[in-house]
Amino acid sequence: MSFVLPHDWNQQLREELEQPYMQELSKWLDEEYRQETIYPPKDDLFEAFRLTTFADTKVVILGQDPYHGPEQAHGLSFSVRPGVRVPPSLRNIYKELQSDLSCSIPDHGTLTDWAAQGVLLLNTVLTVREGLPASHQGQGWERFTDAVLQALQQRDKPLVFILWGNHAIQKAASIDTARHCVITSAHPSPLAARKGFFGSRPFSRTNEFLQQQGLTPIDWNLDYLDIFATIKEDISKIRS
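Each value, and the rule that gives it
- Residues numbered from 1 in each chain as written.
- Predicted model: local features only at pLDDT ≥ 70, side-chain atom pairs only at ≥ 80, totals over all residues.
- Heavy atoms only, no water.
- Phe/Tyr/Trp six-rings, centres within 6.5 Å; stacked < 30°, edge-to-face > 60°.
- Lys NZ or Arg CZ within 6 Å of the ring centre and 35° of its normal.
- Buried < 20%, exposed > 50% of the residue type's maximum accessible area, 1.4 Å probe, protein only.
- Helix = DSSP H or I, 4+ residues; strand = E, 2+ residues; numbered from the N terminus.
- Pairing = 2+ DSSP bridges.
- Axes fitted to C-alpha atoms, helices over the stretch in contact; angles between N-to-C directions.
- Parallel < 35°, antiparallel > 145°, perpendicular 65-115°, else oblique.
- Contact = heavy atoms within 4.5 Å.
- Nonpolar A, V, L, I, M, F, W, Y, C, P; charged D, E, K, R; others polar.
- 1 Å grid on protein atoms, 1.4 Å probe; cavity = no way out; pocket = protein on both sides within 12 Å on 5 of 7 lines; lining within 4 Å.
- Points joined across faces, edges and corners; volume = space filled by probe spheres on them.
- Expected span 1.5 Å × (residues − 1).

## Looking at the packing of aromatic side chains
So, step 1. Tallying each qualifying case throughout the model produces 16 aromatic pairs.
So, step 2. Of the aromatic side chains, those joined through ring pairs into one cluster are Phe3, Trp9, Phe46, Phe49, Phe54, Trp141 and Phe144.
So, step 3. Over the ring of Phe54 we find Arg155; its NZ or CZ atom is 5.6 Å from the centre of that ring.

Printed below as a string of structure tokens:
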């Protein structure tokens, strides 16, 4: 497997991709994909970077690792493809969105519209074995996502980092809070959501910060699914 990031990400992280640990991770993943069922599919591994460029990133939503059930993970944290049942964690995210901004709860789980507005939907670990959460932790992805966050921090424009769950919150120590907004809470999973996720108001707090910086706020409303964007995404994959 060869690691090549889309758009301007590859230029920003080329040296990181050439590090020995990334070469080892690449070889290890080749074997994992060959011998096991791994999510997301190879073609979707860097989907978050394809839909949200380095230059356009305004917000980072950081989760832990991808969904580990069939047909769920497609390279964006917390998102699933059109037609796939909304997972419990995402249902809780929608509940908080409704409570925070009075947005209607959508009937789908596809977050590509957020990505198109500059929300980088990233996990601390980018792959997982089917049915085995956290099975790809400690293989190198955590170091790579550290490098992604460091590259983003070095830009001139301030960012919002939304960190959900302990694995994501550990990244907060390396973020310059004097320049960037960091919003942390419990993970939105059913086991943890009532321990601080509900009532954390991440969506309105994000927009308040962006507006303070003179940046366009995110339209978090997902009441309708942008069918045309989905069709264009599918056509783009076919052509590539």
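Having put the structure on the table, let's press on.
## Quick notes on the pairing of strand S6 (residues 181-185)
So, step 1. Going residue by residue along S6, you find Cys181, Ile183 and Ser185 tucked away on one face and Val182 and Thr184 left uncovered on the opposite face.
So, step 2. Direction of pairing for strand S5 (residues 160-164) relative to S6: parallel, over a ladder of five bridges. In the sheet register, Phe161 faces S6, and the bridge partner there is Val182.

## Here's the deal with the pairing of strand S2 (residues 59-63)
So, step 1. A large share of S2 lies buried, amounting to five of its five residues.
So, step 2. As judged from the five bridges shared by S2 and strand S3 (residues 119-123), these two strands associate in the parallel manner. Looking across to S3, one finds that Leu62 is bridged to Leu122.
So, step 3. Two elements, S2 and S5, share four bridges in a ladder whose sense is parallel. When the bridges of S5 are listed, Leu62 appears paired with Leu163.

## Focus on the packing of helix H4 (residues 88-101) against helix H8 (residues 202-212)
So, step 1. One way to put it is that H4 packs onto H8 with a least axis distance of 7 Å and a crossing angle of 55°. Judged by the inter-axis angle, H4 sits oblique to H8. Contacts from Ile93, Glu96, Leu97, Asp100 and Leu101 in H4 reach Pro202, Phe203 and Ser204 in H8.
So, step 2. Looking at side-chain class alone, the contact of H4 with H8 contains five nonpolar, one polar and two charged residues.

## Some details on empty space enclosed by the protein
Once rolled over the atoms, a probe with the size of a water molecule shows which space is left empty.
So, step 1. Enumeration over the complete set of coordinates arrives at one cavity of 30 Å³ or more.
So, step 2. Considered as a void within the structure, the largest cavity measures approximately 100 Å³ in volume.
So, step 3. Together, 16 residues line the largest cavity, and Pro66, Gly75, Leu76, Asn123 and Leu126 are the ones closest to its centre.
So, step 4. Those elements that place two or more of their residues in the lining of the largest cavity are helix H3 (47-51) and S3.
So, step 5. Here the lining of the largest cavity takes three residues from S3, the largest share from any one element.

## Side note on helix H2 (residues 20-35)
So, step 1. Between the first and last C-alpha of H2 there are 23 Å, a value that for 16 residues agrees with the 22 Å anticipated at 1.5 Å per step.
So, step 2. For H2, the secondary structure elements touched by its buried residues are helix H1 (9-17), strand S1 (38-39), strand S4 (128-129) and helix H6 (141-153).

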